[in-house]
Amino acid sequence: RSSDLMLGLRTSLPMRAEPKKRKRVDPKRDQATRERLRKKLKKLERVAPELIPIEDFIAPTQHTAQLKVRPPIALSFDESERRAMLLKKWSMFKQAEHKAEQAVIESLLQAQTKALVELRLESEELYQAAMLRDTELLPFENEGPRSEEH
């Protein structure tokens, strides 16, 4: 209900606003500005734009190579040990995460295989239909020597 109220409020606010007052434009002044713009356009058309060589935009490699090199930071023994332990913990965390993902994928594949075996026991036709590739699910077109369906 509050959203209906807000929508009604939004539509009613501009209706209460006063219309903008138009500025009175002097026709002579308006004509003069148009004439000035027309003259500027003609001047720009006569003079071809000066092209800037591409080499001006490319910085020499000798200057950029110096900018990219950072000076090595001298770390204390404690800081280097702390960073090594942090890297080790991160590696162990990512390895555990990877193993968990692999276990989930493996369990899903086992469940799929079990379901397909049970489906085959139930009906061979349903099994064959389930084994067909669904082109709507993952559309893929291939051109070349192996483009025929298998």
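First, a word on scope: everything that follows refers to the structure included in this document. Just so you know, these numbers come straight off a predicted model, no measurement behind them. (Residues numbered from 1 in each chain as written. Predicted model: local features only at pLDDT ≥ 70, side-chain atom pairs only at ≥ 80, totals over all residues. Heavy atoms only, no water.)

What about the overall build of the protein chain?
To keep things clear, this is the line we draw: We count a stretch as a helix when DSSP gives it H or I for four or more residues in a row; a strand needs E for two or more, and each element gets its number in order from the N terminus. Each residue is placed in one exposure class: buried if its accessible area under a 1.4 Å probe, protein chains only, is under 20% of its type's maximum, exposed if it is over 50%, and partly exposed if it falls in between. The Shrake-Rupley method, run with a 1.4 Å probe, gives the accessible areas here. Residue values count only the displayed protein chains as cover.
Regarding its fold elements, the protein chain presents five helices and zero strands. Taking all 150 residues of the protein chain together, 1% fall into the buried category. Taken as a whole, the protein chain presents about 16200 Å² of accessible surface, with 59% of it coming from carbon and sulfur.

Re the pattern of salt bridges
To keep it simple, the criterion reads: The term salt bridge refers to a pairing of a side-chain nitrogen on Lys or Arg with a carboxyl oxygen on Asp or Glu at a separation within 4 Å.
All chains considered together, the criterion is met by six salt bridges. Between Arg82 and Glu79 there is a salt bridge, with its nearest N and O atoms 2.9 Å apart. Placement of both Arg82 and Glu79 in helix 4 (residues 77-122) is noted, with a separation of three residues, approximately one turn of the helix. Of the residues examined, Arg82 reaches a relative accessible area of 46% and is grouped as partly exposed.

Observations concerning the packing of aromatic side chains
Aromatic rings in a pair are described by how distant their centres are and how their planes are angled relative to each other. Under the convention used in this document: Aromatic pairs are defined between Phe, Tyr and Trp rings, using the six-membered ring for Trp, whenever the two ring centres lie within 6.5 Å; interplanar angles under 30 degrees are classed as stacked, those over 60 as edge-to-face, and all others as tilted.
One pass over the structure, following the stated rule, counts one aromatic pair. Ring geometry for Trp90 and Phe93: centres 5.6 Å apart, planes at 35 degrees, overall tilted. Here Phe93 and Trp90 lie together in helix 4, a separation of three residues that amounts to about one turn. Using a relative accessible area of 44% as the deciding quantity, one classes Phe93 as partly exposed.

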